[in-house]
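# Survey of secondary and tertiary structure
For reference, the chains in residue letters:
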Amino acid sequence: VLFRSKFGASLNFIWVDDRYIDGVNYRFWGAMTKWDGGLSWDLNKYASLYVSTRNPTNQKDLRYETPPGAAKGVGKHLRHMEEYGDNWIFGVRGRF
C-alpha cells in the first residue's frame with residue numbers, strides 16, 4: 001500500500017415518514033430523522049483510537065392519534081413518546 005490514511009470518518013442518516021401502527025388509520029408514528037457517526041485515528045500500525053455515536057441529538061419516537069373520522073394528522077395529539085437517549089463509545093483498537 002503506497003498511501004494509507006491515518007484518519008477515518010463516517011456519517012449515516014435515516015429518515016422515516018409518518019407510518020400507521022398495525023394498519024389503524026388514526027394511530028401513527030411521526031416522521032423522524034436520526035443519524036450516527038464515527039471517527040478513527042491510527043496511532044501506528046498496531047493501535048488506533050475511535051469514537052462512535054448513535055442518535056447524538058436524542059431524537060424521540062413520537063406516536064400520535066387523530067380523532068376517529070378525521071384525516072390523518074388533522075387534530076392529531078401526542079399519545080406516546082419513546083426516548084432512548086444518545087450513545088457514545090470511545091475506545092482503543094489493537095491489531096496483532
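Below, the structure is looked at part by part. (Residues numbered from 1 in each chain as written. Predicted model: local features only at pLDDT ≥ 70, side-chain atom pairs only at ≥ 80, totals over all residues. Heavy atoms only, no water.)

Enumeration according to the criterion identifies four aromatic pairs in this entry. Seen from their ring centres, Trp 88 and Phe 90 are 6.4 Å apart, and the 10° between their planes marks the pair as stacked. A relative accessible area of 47% means that Trp 88 is categorised as partly exposed. We note Lys 76 situated over the ring of Tyr 64; from NZ or CZ to the ring centre the distance is 4.3 Å. Here Arg 93 stacks its cationic end above the ring of Tyr 50, 4.3 Å away from the centre of that ring. (Phe/Tyr/Trp six-rings, centres within 6.5 Å; stacked < 30°, edge-to-face > 60°. Buried < 20%, exposed > 50% of the residue type's maximum accessible area, 1.4 Å probe, protein only. Lys NZ or Arg CZ within 6 Å of the ring centre and 35° of its normal.)

The sheet built from four strands is open, its strands ordered 2-3-6-7 with antiparallel pairing. Each edge of the open sheet is held by one strand with a lone partner, namely strand 2 (19-21) and strand 7 (77-82). Each adjacent strand pair in this sheet contributes to an overall mean axis angle of 40°, direction not counted. Across three bridges, strand 2 lies against strand 3 (residues 24-29) in antiparallel orientation. By the bridge assignment for strand 3, Arg 19 is matched with Trp 29. (Pairing = 2+ DSSP bridges. Helix = DSSP H or I, 4+ residues; strand = E, 2+ residues; numbered from the N terminus. Axes fitted to C-alpha atoms, helices over the stretch in contact; angles between N-to-C directions.)

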